[in-house]
Amino acid sequence: INVPAGISVSGGRYSINNGPFTSDSGSVNGGDVVIVLATSPYDFSSSVTATVTIGGVSGSFTVTTEAMDTTPNPFSFTALTNVALNSSSTSNAITVSGINVALQISVLGGAYSINNGVFTSNPGTVNNGDVVSLQVISSGDVSSTATATLTVGEASGVFTVTTKSTNM
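Residues numbered from 1 in each chain as written. Predicted model: local features only at pLDDT ≥ 70, side-chain atom pairs only at ≥ 80, totals over all residues. Heavy atoms only, no water.

K.L.:
What is the right way to look at unusual backbone geometry in this model?
P.N.:
Glycine aside, a negative phi is what most residues show, and trans is what most peptide bonds show. For Asn86, which is not a glycine, the phi torsion comes out positive at approximately 50°. Secondary-structure assignment places Asn86 in the loop between strand 7 (80-83) and strand 8 (88-90). The backbone phi angle of Ser143 is positive, close to 50°, even though this residue is not glycine. Mapped onto the elements, Ser143 comes out in the loop between strand 13 (131-137) and strand 14 (145-152). The class for Ser143 is partly exposed, based on a relative accessible area of 49%. (Helix = DSSP H or I, 4+ residues; strand = E, 2+ residues; numbered from the N terminus. Buried < 20%, exposed > 50% of the residue type's maximum accessible area, 1.4 Å probe, protein only.)

As structure tokens, then:
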């Protein structure tokens, strides 16, 4: 453009030459730099579009939020062997990853701890980045295996604890 032109926006705000963002109508000159700002929606997989019109010519800027991810990355626990009879064993810690919403967590055959909290066997919720470990009481019999199965959303991992092969 070689003369000042009107500028307006709908669905967002704009800035001219790194000035403050505004949604008010204004004017721009040739060589001005216009930046468009659109605030992303609160919902997953949703879009919002800001449309800027300069001198009767429009351009749009669309922001789309990420999709909901409820599938955690696979996780596993290291099995323990040669464990004393009737003793408590704690697993290696795993970090929940690959999700962007809180998921249900439950355990069968043991207890779990989130972020070094109290061990529990009650169902709860876990978030991306939480650190989880399991606890199992070993069998009172020699060469016997006790297991705990942790379920996070649709994924699960098993922690096994096997007792000594002799009672000595």
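There is more to say after this.
K.L.:
Got a minute to help me understand the sheet that holds strand 15 (residues 155-163) in this structure?
P.N.:
Strand pairing within a sheet occurs via backbone hydrogen bonds; the two strands may be parallel or antiparallel. Taken in spatial order, the five strands of this open sheet run 7-15-14-10-12, and their pairing is mixed. Lying at the two open borders of the sheet, with one neighbouring strand each, are strand 7 and strand 12 (124-126). Strand-to-strand twist of the sheet, defined as the mean angle between neighbouring strand axes without regard to direction, takes the value 25°. Taken together, the three bridges between strand 10 (residues 103-108) and strand 12 define a ladder with antiparallel strand orientation. (Pairing = 2+ DSSP bridges. Axes fitted to C-alpha atoms, helices over the stretch in contact; angles between N-to-C directions.)

K.L.:
Just checking my understanding: could you explain the environment of Ile35 for this structure?
P.N.:
Relative to the assigned elements, Ile35 resides in strand 4 (residues 34-37). Given the relative accessible area of 33%, Ile35 is considered partly exposed. Sequence separation of Ile35 and Thr90 is 55 residues, and the distance between their C-alpha atoms is 54 Å. Setting aside anything within four residues of it in sequence, one finds Ile35 in contact with Arg13, Tyr14, Ser15, Asn18 and Phe21. (Contact = heavy atoms within 4.5 Å.)

K.L.:
For this particular structure, what's the right way to read the packing of aromatic side chains?
P.N.:
The description of an aromatic ring pair uses the distance of the two centres, along with the angle that the planes make with each other. Enumeration over the complete set of coordinates arrives at two aromatic pairs. Consider the rings of Phe75 and Phe77, whose centres lie 6.0 Å apart with planes at 75°: the pair is edge-to-face. Judged on exposure class, the residue Phe75 and its partner Phe77 are both buried. Aromatic rings pair up to connect Phe75, Phe77 and Phe159 into one cluster. (Phe/Tyr/Trp six-rings, centres within 6.5 Å; stacked < 30°, edge-to-face > 60°.)

K.L.:
Would you explain the sheet that holds strand 3 (residues 26-28) in this entry?
P.N.:
Spatially, the four strands line up as an open sheet ordered 3-1-5-6, and their pairing is antiparallel. Each edge of the sheet is formed by a strand with only one pairing partner; in this case those strands are strand 3 and strand 6 (57-64). Each strand of the sheet is rotated relative to its neighbour by a mean of 30°, with strand direction disregarded. The sheet contact formed by strand 1 (residues 5-10) and strand 3 spans three bridges and is antiparallel.

K.L.:
Whenever I open this one, the side chain of Ser46 confuses me. Can you help?
P.N.:
By the element assignment, Ser46 lies in the loop between strand 4 and strand 5 (47-54). Ser46 sits in the buried class, given a relative accessible area of 18%. Look past the residues within four positions of Ser46 in its chain and what remains in contact with it is Pro41, Val63, Thr64 and Thr65.

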